[in-house]
Amino acid sequence: MTRPAPAPAPSAAAAAAAPLDLERMRRAGAGDPEAQAWLMTHVMARVRRIARAFLRSSADADDAAQVALLAILESASTYRGEAAVEAWARRIAVRTILRYVKQQRRDGAPVAPESAIDEEVAQAPHQPPFEALPREARVYLDALPEAQRNAILLHHALDYSIEEIAAMTEVSPDTVKSRLRLGIGALRKQVRQDIAVGRKRAS
């Protein structure tokens, strides 16, 4: 009987990277300042981008990013290497920032970003399927249910996959797909209505 071929060995770079990250994360979780500084530097830019996409003012975005970075740091000892450090940290950051946004809404603070959403959507690799908008993107997104709005931002503005969003928001991939489909459908309807009545952006 023919034996199955052995699985190919991982590359040297891949084999060396995981133990190094595991060791750094172990040290960060144990309170080593150098490892903690490495972790913060490694994930800071992405965490700030996530916060900026969801919060109106730069001050609020900075506060949310700080809360998320602290949560990542406090969770470092739980890292087991099942995913890359960046992916692991993104999940914590998204969950923390979405909780922060919900608290801001309960407190009555404005959380819908202004130019930040428009800029993120304009630069997004997977732009929503509509072109020139009669009004700013934030106006349309604000009219959506929160779950649909978050899914669109995470997928179209921040370029996360369906599977990543499902893991971050703790729902099934099918639920994420449904939220995106319903949200995009509602956005298209709003845009068509605005075009029909000749609405234009305020100058």
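All values derive from a computational prediction rather than experimental measurement. (Residues numbered from 1 in each chain as written. Predicted model: local features only at pLDDT ≥ 70, side-chain atom pairs only at ≥ 80, totals over all residues. Heavy atoms only, no water.)

A.B. asks: How should the side chain of N150 be read in this particular structure?
C.D. replies: Note that N150 resides in helix α7 (residues 146-157). Accessibility expressed as a relative area gives 8% for N150, which makes it buried. In this view, N150 contacts F54 and L98; residues no more than four positions away in its chain are not counted. (Helix = DSSP H or I, 4+ residues; strand = E, 2+ residues; numbered from the N terminus. Buried < 20%, exposed > 50% of the residue type's maximum accessible area, 1.4 Å probe, protein only. Contact = heavy atoms within 4.5 Å.)

A.B. asks: What exactly am I supposed to notice about helix α2 (residues 33-54) here?
C.D. replies: Since one α-helical turn is 3.6 residues long, residues separated by three or four positions face the same way. The end-to-end C-alpha distance of α2 is 30 Å, a good match for the 32 Å that 22 residues give at a rise of 1.5 Å each. At M44, α2 is deflected by roughly 45°, the largest bend along its length. Those residues of α2 that fall on the buried side of the exposure criterion are A35, W38, L39, M40, V43, V47, I50, A51, A53 and F54. The N-terminus of α2 is capped by D32, whose side-chain oxygen sits 3.1 Å from the backbone nitrogen of E34. (Expected span 1.5 Å × (residues − 1). Bend = angle between axes of the 7 residues up to and from the residue. Polar contact = N/O pair within 3.5 Å; in protein donor to acceptor, adjacent residues only side chain to side chain.)

A.B. asks: Even after reading the chapter, I still don't get the pattern of salt bridges, so can you show me in this structure?
C.D. replies: Note that side chains of opposite charge can pair when their charged atoms are close. Applying the stated criterion across every chain yields a total of five salt bridges. The partner of R27 in a salt bridge is D32, and the shortest N-O contact between them spans 3.3 Å. Judged by relative accessible area, which is 25%, R27 ranks as partly exposed. E164 is the partner of R90 in a salt bridge, and the nearest nitrogen-oxygen pair spans 2.9 Å. Here R90, found in helix α4 (residues 85-106), pairs with E164, found in helix α8 (residues 162-169); they are 74 residues apart in sequence, far enough to count as distant. (Salt bridge = Lys/Arg side-chain N within 4 Å of Asp/Glu carboxyl O.)

In short, shape yes, function no, at least from these values alone.
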